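Topology and contacts: notes
This is what each chain is made of:
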Amino acid sequence: MATFREMRVLEIVEDDSLTTDQKIAELREIESEARGLQRAASEGPMDDDDGWQEDLRQVRLALDKLGAKEPKKGAASL
């Protein structure tokens, strides 16, 4: 069963009204949100399968498909 984020990622990738740069920008927003939620979940009781890792993987695959470059990671990155 696909999550809401997975469906949204597919919707963005297949949206012909958006430019590649617009698609990448929207996917980066989803990625940022998912990373924030993953960080918040990690502050609570340990859960090996918080669900965010798969969402992040789907976003990363979509970004790769669009030719987006990996953003530079800082000290606070996961």
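Above this note sits the structure.
Residues numbered from 1 in each chain as written. Predicted model: local features only at pLDDT ≥ 70, side-chain atom pairs only at ≥ 80, totals over all residues. Heavy atoms only, no water.

Moving on to the side chain of Glu31. Looking at the element boundaries, Glu31 is found in helix H2 (residues 20-42). Glu31 gets classed as buried once you look at its relative accessible area, which sits at 5%. Those residues within four positions of Glu31 in sequence are excluded, and the remaining contacts are Leu56, Val59, Arg60 and Leu63. (Helix = DSSP H or I, 4+ residues; strand = E, 2+ residues; numbered from the N terminus. Buried < 20%, exposed > 50% of the residue type's maximum accessible area, 1.4 Å probe, protein only. Contact = heavy atoms within 4.5 Å.)

A separate point is the nonpolar core. Within the largest apolar cluster, 12 residues are counted, these being Val9, Ile12, Val13, Leu18, Ile24, Leu27, Ile30, Val59, Ala62, Leu63, Leu66 and Ala68. Elements supplying a minimum of two residues to this core: helix H1 (4-14), H2 and helix H3 (52-65). In this structure Leu18 touches Ile12, Lys23 and Glu26, once residues within four positions along its chain are discounted. (Core = buried A, V, L, I, M, F, W, Y, C linked by side-chain atoms within 4.5 Å.)

Let us now look at the pattern of salt bridges. Throughout the structure, instances matching the rule amount to seven salt bridges. A salt bridge links Arg35 to Glu31; the nearest nitrogen and oxygen atoms lie 3.6 Å apart. Separated by four residues within a single helix, Arg35 and Glu31 lie in helix H2, roughly one turn from each other. With a shortest N-O distance of 3.4 Å, Glu54 and Arg57 are connected by a salt bridge. You can see Glu54 and its partner Arg57 sitting in helix H3, three residues apart, about one turn around the helix. Judged by its relative accessible area of 33%, Glu54 falls in the partly exposed class. Where salt bridges share partners, they join Arg28, Glu31, Arg35, Arg60 and Asp64 into one cluster. (Salt bridge = Lys/Arg side-chain N within 4 Å of Asp/Glu carboxyl O.)

These figures capture arrangement, not role.
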